[in-house]
Amino acid sequence: EVVYFLMTGLQLATGLPAARLCGKTIWMKFSGSNTIRPLTASGLGRLELRFLNWWARVVMVLNPAMAEEAKSAGLPAERLEWMPNPVDTARFAPLAPAERAALRERLGLRDDAECIVFVGRMAPEKELPVLVRAFARVAAARPAAALVLIGDGPERAGLEAQVGELGLAAR
(Lines give C-alpha, C1' and ligand atoms only; values in the text may rest on other atoms or scores of the structure.)
Protein backbone atom coordinates (compact mmCIF):
# COMPACT_ATOMS: atom_id res chain seq x y z
CA GLU A 1 0.00 0.00 0.00
CA VAL A 2 2.98 2.31 0.49
CA VAL A 3 5.81 3.00 -1.93
CA TYR A 4 8.99 4.06 -0.14
CA PHE A 5 11.74 5.85 -2.04
CA LEU A 6 15.24 6.32 -0.67
CA MET A 7 17.33 7.70 -3.51
CA THR A 8 16.84 10.40 -6.11
CA GLY A 9 17.48 10.01 -9.81
CA LEU A 10 15.71 8.53 -12.78
CA GLN A 11 14.16 5.78 -10.65
CA LEU A 12 12.46 8.45 -8.49
CA ALA A 13 11.36 10.58 -11.46
CA THR A 14 9.72 7.56 -13.11
CA GLY A 15 8.67 5.75 -9.93
CA LEU A 16 6.73 8.66 -8.42
CA PRO A 17 4.21 8.93 -11.29
CA ALA A 18 3.93 5.14 -11.46
CA ALA A 19 3.16 4.92 -7.73
CA ARG A 20 0.68 7.77 -8.06
CA LEU A 21 -1.08 6.09 -11.01
CA CYS A 22 -1.35 2.88 -8.97
CA GLY A 23 -2.95 4.83 -6.11
CA LYS A 24 -0.16 4.08 -3.65
CA THR A 25 0.81 6.26 -0.70
CA ILE A 26 4.25 7.76 -1.31
CA TRP A 27 6.96 8.18 1.32
CA MET A 28 10.44 9.52 0.56
CA LYS A 29 13.57 9.58 2.69
CA PHE A 30 16.55 11.70 1.77
CA SER A 31 19.43 9.62 3.04
CA GLY A 32 22.14 12.25 3.31
CA SER A 33 22.86 15.90 3.85
CA ASN A 34 23.28 18.10 0.80
CA THR A 35 21.14 15.82 -1.36
CA ILE A 36 18.07 18.05 -1.69
CA ARG A 37 19.48 21.43 -2.79
CA PRO A 38 21.38 19.99 -5.80
CA LEU A 39 18.05 18.79 -7.20
CA THR A 40 17.09 22.42 -7.84
CA ALA A 41 19.99 22.73 -10.32
CA SER A 42 18.72 20.23 -12.90
CA GLY A 43 15.50 19.73 -14.82
CA LEU A 44 15.16 16.16 -13.61
CA GLY A 45 15.77 17.21 -10.03
CA ARG A 46 13.20 20.01 -10.21
CA LEU A 47 10.71 17.52 -11.66
CA GLU A 48 11.36 15.12 -8.76
CA LEU A 49 10.84 17.93 -6.24
CA ARG A 50 7.62 18.96 -7.97
CA PHE A 51 6.33 15.37 -7.89
CA LEU A 52 7.26 15.02 -4.21
CA ASN A 53 5.55 18.31 -3.46
CA TRP A 54 2.38 17.16 -5.20
CA TRP A 55 2.20 13.51 -4.17
CA ALA A 56 4.39 12.55 -1.21
CA ARG A 57 2.53 12.11 2.05
CA VAL A 58 5.78 12.17 4.03
CA VAL A 59 9.32 13.31 3.22
CA MET A 60 11.82 12.12 5.82
CA VAL A 61 15.06 13.90 6.66
CA LEU A 62 17.94 13.10 9.00
CA ASN A 63 18.48 16.41 10.77
CA PRO A 64 17.23 20.00 11.14
CA ALA A 65 19.62 21.31 8.46
CA MET A 66 18.12 18.88 5.95
CA ALA A 67 14.63 20.04 6.95
CA GLU A 68 15.66 23.62 6.17
CA GLU A 69 17.18 22.46 2.88
CA ALA A 70 13.90 20.69 2.00
CA LYS A 71 11.78 23.73 2.88
CA SER A 72 14.01 26.02 0.81
CA ALA A 73 13.55 23.61 -2.13
CA GLY A 74 9.77 24.02 -1.83
CA LEU A 75 8.77 20.93 0.13
CA PRO A 76 6.00 21.68 2.66
CA ALA A 77 7.13 21.78 6.29
CA GLU A 78 4.00 19.98 7.50
CA ARG A 79 4.99 16.85 5.55
CA LEU A 80 8.61 16.74 6.72
CA GLU A 81 9.43 14.12 9.33
CA TRP A 82 12.66 13.45 11.19
CA MET A 83 13.95 9.89 10.79
CA PRO A 84 17.55 9.35 11.84
CA ASN A 85 19.58 6.50 10.47
CA PRO A 86 19.15 3.65 12.96
CA VAL A 87 21.93 2.37 15.20
CA ASP A 88 21.79 -0.97 17.01
CA THR A 89 22.61 0.21 20.54
CA ALA A 90 23.12 -3.33 21.80
CA ARG A 91 25.73 -4.07 19.13
CA PHE A 92 27.44 -0.70 19.47
CA ALA A 93 27.42 -0.40 23.27
CA PRO A 94 30.51 0.94 25.05
CA LEU A 95 33.23 -1.64 25.66
CA ALA A 96 34.08 -3.02 29.08
CA PRO A 97 37.31 -1.46 30.44
CA ALA A 98 39.41 -4.57 29.70
CA GLU A 99 38.11 -4.77 26.10
CA ARG A 100 38.74 -1.05 25.65
CA ALA A 101 42.34 -1.39 26.87
CA ALA A 102 42.94 -4.38 24.57
CA LEU A 103 41.54 -2.51 21.56
CA ARG A 104 43.67 0.55 22.28
CA GLU A 105 46.74 -1.68 22.55
CA ARG A 106 45.91 -3.43 19.27
CA LEU A 107 45.50 -0.06 17.53
CA GLY A 108 48.66 1.35 19.08
CA LEU A 109 46.78 4.04 21.01
CA ARG A 110 48.10 5.29 24.30
CA ASP A 111 45.85 4.84 27.35
CA ASP A 112 45.60 8.60 27.71
CA ALA A 113 45.02 9.28 23.97
CA GLU A 114 42.10 11.52 23.19
CA CYS A 115 40.43 9.86 20.22
CA ILE A 116 38.32 11.47 17.55
CA VAL A 117 36.38 8.69 15.82
CA PHE A 118 34.50 8.76 12.53
CA VAL A 119 32.47 5.71 11.50
CA GLY A 120 30.72 5.81 8.15
CA ARG A 121 30.89 5.92 4.41
CA MET A 122 33.87 7.91 3.17
CA ALA A 123 32.01 10.04 0.65
CA PRO A 124 32.37 13.66 -0.52
CA GLU A 125 29.30 14.90 1.34
CA LYS A 126 30.88 13.84 4.65
CA GLU A 127 33.62 16.46 4.09
CA LEU A 128 36.25 14.28 5.77
CA PRO A 129 39.20 16.26 4.32
CA VAL A 130 38.01 19.12 6.54
CA LEU A 131 38.10 16.79 9.56
CA VAL A 132 41.63 15.65 8.69
CA ARG A 133 42.85 19.25 8.29
CA ALA A 134 41.23 20.20 11.61
CA PHE A 135 42.82 17.19 13.27
CA ALA A 136 46.25 18.31 12.02
CA ARG A 137 45.76 21.47 14.11
CA VAL A 138 44.58 19.44 17.11
CA ALA A 139 47.55 17.07 16.76
CA ALA A 140 49.99 19.97 16.92
CA ALA A 141 48.56 21.04 20.28
CA ARG A 142 47.78 17.62 21.78
CA PRO A 143 50.56 15.04 21.40
CA ALA A 144 48.42 12.12 22.56
CA ALA A 145 45.43 12.85 20.30
CA ALA A 146 44.47 10.30 17.64
CA LEU A 147 42.07 10.33 14.71
CA VAL A 148 40.39 7.01 13.91
CA LEU A 149 38.55 6.79 10.58
CA ILE A 150 36.47 3.65 10.18
CA GLY A 151 34.76 2.90 6.90
CA ASP A 152 35.28 2.80 3.18
CA GLY A 153 34.13 4.66 0.13
CA PRO A 154 35.18 6.79 -2.81
CA GLU A 155 37.14 9.26 -0.64
CA ARG A 156 39.30 6.67 1.12
CA ALA A 157 42.35 6.83 -1.16
CA GLY A 158 42.33 10.63 -1.12
CA LEU A 159 42.07 10.66 2.67
CA GLU A 160 44.96 8.23 3.00
CA ALA A 161 47.04 10.48 0.74
CA GLN A 162 46.07 13.57 2.72
CA VAL A 163 46.96 11.89 6.02
CA GLY A 164 50.38 10.98 4.58
CA GLU A 165 50.98 14.50 3.21
CA LEU A 166 50.16 16.02 6.60
CA GLY A 167 52.44 13.55 8.42
CA LEU A 168 49.57 12.12 10.45
CA ALA A 169 49.85 8.43 9.55
CA ALA A 170 51.05 7.47 13.03
CA ARG A 171 48.24 9.43 14.63
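Below is a short write-up of the structure. (Residues numbered from 1 in each chain as written. Predicted model: local features only at pLDDT ≥ 70, side-chain atom pairs only at ≥ 80, totals over all residues. Heavy atoms only, no water.)

**Description of helix H2 (residues 43–55)**
With 13 residues, H2 extends 18 Å between its outermost C-alpha atoms, agreeing within 8% with the 18 Å of an ideal straight helix rising 1.5 Å per residue. Along H2, the residues that are buried comprise Gly45, Glu48, Leu49, Phe51 and Leu52. Projected down its long axis, H2 shows its buried positions confined to an angular sector of 160 degrees, all on one face. Buried residues along H2 sit in contact with helix H1 (10–21), strand S2 (25–29) and strand S3 (56–61). (Helix = DSSP H or I, 4+ residues; strand = E, 2+ residues; numbered from the N terminus. Expected span 1.5 Å × (residues − 1). Buried < 20%, exposed > 50% of the residue type's maximum accessible area, 1.4 Å probe, protein only. Arc of directions from axis to C-beta. Contact = heavy atoms within 4.5 Å.)

**Quick word on the nonpolar core**
The biggest cluster of nonpolar side chains holds 22 residues, and the ones touching the most others in it are Leu16, Met28, Phe30, Ile36, Leu52, Val59 and Leu75. Residue assignment for this core shows that the elements contributing at least two residues are H1, S2, H2, S3 and helix H3 (64–72). Filtering out sequence-adjacent residues up to four positions away, valine 59 remains in contact with Met28, Phe30, Leu75, Arg79, Leu80 and Glu81. Core analysis: the next-biggest nonpolar cluster, separate from the first, contains 11 residues, Phe135, Ala145, Leu147 and Leu159 among them. (Core = buried A, V, L, I, M, F, W, Y, C linked by side-chain atoms within 4.5 Å.)

**Re unusual backbone geometry**
Located in the positive-phi region is glutamate 127, a residue other than glycine, with phi close to 55 degrees. As for its placement among the helices and strands, glutamate 127 is situated in the loop between strand S5 (115–119) and helix H5 (128–141). You can call glutamate 127 partly exposed: its relative accessible area is 45%.

**A short note on the sheet that holds S3**
The 4 strands are arranged S1-S2-S3-S4 in an open sheet whose pairing can be described as parallel. Whereas interior strands pair on both sides, the edge strands pair on one side only; in this sheet they are strand S1 (2–5) and strand S4 (80–82). The sheet shows a mean angle of 25 degrees between the axes of neighbouring strands, taken without regard to direction. Sheet analysis places S2 next to S3, joined by 4 bridges and oriented parallel. In the sheet register, lysine 29 faces S3, and the bridge partner there is methionine 60. (Pairing = 2+ DSSP bridges. Axes fitted to C-alpha atoms, helices over the stretch in contact; angles between N-to-C directions.)

**Digging into the packing of aromatic side chains**
Taken as a whole and judged by the stated rule, the model has 3 aromatic pairs. Centre to centre, the rings of phenylalanine 51 and tryptophan 55 are 4.6 Å apart; their planes meet at 20 degrees, and the pair counts as stacked. Here phenylalanine 51 and its partner tryptophan 55 are both found in helix H2, 4 residues apart, which amounts to about one turn of the helix. An aromatic cluster of at least three residues, connected via ring pairs, comprises Phe51, Trp54 and Trp55. (Phe/Tyr/Trp six-rings, centres within 6.5 Å; stacked < 30°, edge-to-face > 60°.)

**Let's talk about a nonpolar patch on the surface**
On the surface, Val2, Tyr4, Leu6, Met7, Trp27 and Met83 cluster together to form a nonpolar patch covering roughly 540 Å² of accessible area. Mapped onto the secondary structure, tryptophan 27 falls in strand S2. For tryptophan 27, a relative accessible area of 31% puts it in the partly exposed group. (Patch = residues over 30% accessible without salt bridge, like charges linked within 9 Å, V, L, I, M, F, W, Y side chains within 5 Å. Areas by Shrake-Rupley, 256 points an atom, 1.4 Å probe, with all protein chains shown as cover. Salt bridge = Lys/Arg side-chain N within 4 Å of Asp/Glu carboxyl O.)

**Structural notes on the pairing of S5**
Relative to strand S6 (residues 146–150), S5 is paired through 5 bridges, and the arrangement is parallel. Bridge assignment links phenylalanine 118 to a residue of S6, and that residue is leucine 149. For the crossover that starts at S5, traverses H5 and ends in the parallel S6, the hand is right-handed. (Right-handed = clockwise from strand over helix to strand, strands pointing away.)

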